[in-house]
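Secondary and tertiary structure notes
Chain by chain, the residues run as shown.
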Amino acid sequence: MKPAVPEPSPPPEGAAAGNGAVKLPPARSDAPVSPVARKNGFMSQSDTQAEVQHPQPSVGSIAAHRPHTVAAAVSDLEPDIDADLDAYEESQADGAPLPQGRFLDRERSWLAFNERVLELAEDPGTPLLERANFLAIFASNLDEFFMVRVAGLKRRIATGVATRSASGLQPREVLEMIWARSRELMARHAACYHEDVAPALAEEGIHLVRWTELTEKEQARLFTLFRHQIFPVLTPLAVDPAHPFPYISGLSLNLAVVVRNPVSGHKHFARVKVPPLLSRFLEASPGRYVPIEDVIAAPNHLEELFPGMEILEHHAFRITRNEDLEVEEDDAENLLQALEKELMRRRFGPPVRLEVEESIDREVLDLLVRELKISEAEVYPLPGPLDLTGLFRIHSLDRPELKYPKFVAGTHRDLAEVESASAPDIFAALRARDVLLHHPYDSFSTSVQAFLEQAAADPDVLAIKQTLYRTSGDSPIVDALIDAAESGKQVLVLVEIKARFDEHANIKWARKLEEAGCHVVYGLVGLKTHCKLSLVVRQEGETLRRYSHVGTGNYHPKTARLYEDLGLLTADPQVGADLSDLFNRLSGYSRRETYRRLLVAPKSLRDGLIARINKEVQHHRAGRPAFVRIKVNSMVDEAVIDALYRASQAGVPVDVWVRGICAVRPGVAGLSENIRVRSILGRFLEHSRVFAFGNGGEPEVWIGSADMMHRNLDRRIEALVRVIDPAHRAALNRLLDTGMSDGTASWHLGPDGEWTRHATDADGQPLRNVQEMLIDARRRRRGTATP
């Protein structure tokens with residue numbers, strides 16, 4: 001695999017980029033940069049050599065006591081999909097050097113993504129409770145950004161071994177930009193809640209009030225609730241010479257309380273943690289909700305916690321800590337145990353953000369800053385209430401008229417039984433044709449879930465192999481795998497226990513699967529298993545047939561109703577052989593690196609895509625149809641972006657549909673004038689990854705799990721599958737055409753890194769919403785379309 005492009009230094013101020021042919025527009029700077037910033041750096045993470053971690057037996061030898069032959073011998077299949085691309089792999093180095101400063105900053109781009117989420121909350125055209133939901137999503141996103149990205153940046157600065165980022169900024173410059181930009185966005189977020197969403201909710205009979213706005217009757221009711229259900233779980237912690245400053249857990253909501261001893265006259269500080277398992281907003285009376293911290297902080301309630309003391313003041317505050325994980329797998333004899341220890345250490349990560357109510361007393365704030373060892377730049381004063389992730393609770397209210405119209409996905413038409421009410425025979429359907437699924441428009445439960453449940457119950461199924469990255473708490477997928485193992489089938493499950501913030505759940509599922517008799521493995525040392533794969537081996541007469549699913553999203557039935565994803569169900573022998581080889585690599589000692597219909601990271605995926613991008617240049621120069629269309633969550637990888645720049649310079653049209661981070665500068669003359677970048681956000685989380693190429697008039701399309709990021713291409717097992725059905729390729733290209741169309745509502749990225757929302761046409765009429773179009777298309781198919 002070729003290494004990623006080295007991270008460049010920025011050109012001198014005013015200097016022409018490259019050989020002077022390309023001038024890059026400056027990206028907007030959001031923060032002043034101190035001279036100290038230039039003394040710090042950004043550490044690049046090195047590649048990790050993949051080695052087998054658990055040499056557990058694979059499920060390669062299946063039911064040897066039963067006579068069978070493989071439906072299509074592996075030796076009869078196309079041996080190497082990249083054989084005709086060798087000539088294009090090196091052409092990425094052709095041409096003049098690309099200019100410095102050509103990459104946008106990824107952290108600034110992420111903040112711009114969250115700003116787009118905020119714009120949906122600010123949009124009066126968004127249903128009201130959905131606006132509240134987007135406010136909660138914004139807050140939750142920012143929490144994770146500080147816990148992971150900001151925490152990692154601070155850690156690398158502290159080590160003193162960092163270098164510039166690909167955008168040319170020093171780490172301290174990036175950190176100061178984050179502080180300034182996030183402060184601005186958090187202020188907008190609070191203003192949207194207080195000045196717009198909360199008043200609009202009140203007009204609809206949903207009142208979010210503070211304690212002083214409650215009636216005496218409501219306060220009396222909440223006092224009873226406090227006395228019986230809240231007070232028993234509260235633990236006030238004093239701070240004095242006998243009581244050191246307590247540990248404040250990450251993302252917990254707290255009250256800083258100042259009390260005075262009436263006898264001695266001394267003032268004391270105490271901390272009260274708001275119980276995280278209780279509801280964030282309490283119902284004072286029908287339609288009226290008050291934050292739980294207001295109930296705890298009510299004067300007569302605090303007196304219950306500090307009897308005999310005078311309550312002088314109280315202030316809410318909230319800490320965000322470094323909660324990323326670092327597990328040294330090479331030294332870990334048992335990855336499960338090592339991860340559990342690291343999860344314990346996560347609770348004590350250093351703080352990276354302190355949110356306080358803007359009314360907080362300066363003396364109390366100084367105490368918090370001093371004891372938490374946090375800088376003033378990391379303090380965010382805000383109007384209360386803090387932690388608006390609690391609006392998820394308000395969004396769950398049963399007020400359908402204030403939400404997006406309800407949509408229930410139907411069974412894919414190629415799987416639906418027309419003349420029978422019985423469940424479809426998915427294996428029979430797949431023997432007839434491949435099935436391209438598009439969730440949530442196509443039901444997950446009647447497709448992927450049914451595929452695995454049928455496999456578990458079918459006596460002719462001999463083995464199931466499955467990857468699990470994230471799944472739900474009551475997962476029917478896990479239940480099906482357990483049923484299969486308990487019925488004697490061989491079941492191999494790749495559980496990625498290092499899936500961020502799902503580690504506890506995945507450890508639990510791993511142990512439950514092991515107890516049921518499944519072979520549970522954890523992939524390869526140093527690599528996360530992020531690919532979405534399922535393989536079923538079935539005895540059919542004298543032969544074995546393999547049925548496969550390759551998807552872009554997790555095997556998570558709940559998020560499948562909220563995430564937009566693609567999946568391919570197929571009985572194609574090439575895909576089956578590829579999945580067998582890949583599972584054997586993940587569970588055993590196979591070192592296979594090339595496949596028939598798959599591109600697999602970290603060995604072949606980046607190079608395979610770059611070779612195809614370069615091939616489009618050759619098609620374009622020869623006068624054949626050529627284009628590159630990519631739909632991903634994130635576009636950061638420098639090598640892939642440089643290939644897109646070179647394709648654009650050669651005249652190849654390049655479309656990038658990205659949900660979140662994008663380091664591409666589109667529309668720069670001489671560099672990227674043929675590149676367009678769009679982003680779409682809406683009721684569903686755009687999550688699918690699609691890669692389409694003109695290929696000289698024979699379009700080539702791939703779907704899979706990989707985003708264009710270093711972690712995906714270098715430190716994860718990812719897989720893309722080539723879509724060969726002409727109708728499926730055409731459908732995916734139509735989807736990409738629609739998403740990139742100027743008639744579709746979206747955000748457009750400019751060369752300066754600024755995103756501009758395009759939601760209405762020149763006459764002020766709303767542009768079409770691609771998600772609503774797809775919903776309506778499914779409803780029309782079932783005869784239930786909206787008028």
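Structural notes, computed from the coordinates.

Side note on unusual backbone geometry
- With an omega dihedral of 0°, the bond running from Gly 384 to Pro 385 counts as a cis peptide bond.
- Mapped onto the fold, Pro 385 is located in the loop between β11 (379–382) and α10 (391–395).
- The phi dihedral of Asp 387 is positive, around 55°, even though this residue is not glycine.
- In this structure, Asp 387 sits in the loop between β11 and α10.
- The backbone phi angle of Asn 695 is positive, close to 55°, even though this residue is not glycine.
- Position of Asn 695 among the secondary structure elements: in the loop between β26 (689–693) and β27 (700–704).

Points about the nonpolar core
- Grouped together as the largest cluster of nonpolar side chains are 124 residues, with contacts concentrated most on Ile 296, Met 635 and Met 708.
- Not counting residues within four places of it along the chain, the set of residues in contact with Met 708 comprises Leu 605, Leu 609, Val 632, Ser 634, Met 635, Val 636, Asp 637, Val 640, Phe 691 and Leu 713.
- Core analysis: the second largest hydrophobic core is formed by 44 residues, Leu 494, Phe 583, Val 701 and Ile 703 among them.

Some points on the packing of helix α2 (residues 106–122) against helix α4 (residues 171–203)
- Where α2 contacts α4, the axes come no closer than 11 Å and their chain directions differ by 5°. Relative to α4, α2 is oriented roughly parallel. Between α2 and α4, the residues in contact are Glu 107, Arg 108, Leu 111, Glu 115, Leu 118, Glu 119, Ala 121 and Glu 122 and Val 174, Met 177, Ile 178, Arg 181, Ser 182, Leu 185, Arg 188, His 189, Cys 192, Asp 196 and Val 197, respectively.
- In the contact of α2 with α4, the residues fall into nine nonpolar, two polar and eight charged.

Thoughts on the side chain of Arg 116
- Here Arg 116 shows up in helix α2.
- Residues in contact with Arg 116, not counting those within four places in the same chain, are Arg 659, Gly 660, Ser 679, Leu 681, Trp 747 and Trp 755.

Examining the sheet that holds strand β9 (residues 310–321)
- In space, the six strands of this open sheet follow the order β4-β6-β5-β9-β10-β11, with mixed pairing throughout. The open sheet has two edge strands with one neighbour each: β4 (237–239) and β11. Shown here is a sheet whose adjacent strand axes are inclined to one another by a mean of 30°, direction ignored.
- Note that strand β10 (residues 351–357) and β11 share four bridges and pair parallel. Residue pairing in the sheet places Leu 354 in a bridge with Val 379 of β11.
- On top of the sheet, helix α3 (residues 128–159) reaches β9, β10 and β11; it is set at about 140° to β10, its chief contact.

What counts, and where the lines are drawn
Residues numbered from 1 in each chain as written. Predicted model: local features only at pLDDT ≥ 70, side-chain atom pairs only at ≥ 80, totals over all residues. Heavy atoms only, no water. Helix = DSSP H or I, 4+ residues; strand = E, 2+ residues; numbered from the N terminus. Core = buried A, V, L, I, M, F, W, Y, C linked by side-chain atoms within 4.5 Å. Buried < 20%, exposed > 50% of the residue type's maximum accessible area, 1.4 Å probe, protein only. Contact = heavy atoms within 4.5 Å. Axes fitted to C-alpha atoms, helices over the stretch in contact; angles between N-to-C directions. Parallel < 35°, antiparallel > 145°, perpendicular 65-115°, else oblique. Nonpolar A, V, L, I, M, F, W, Y, C, P; charged D, E, K, R; others polar. Pairing = 2+ DSSP bridges.

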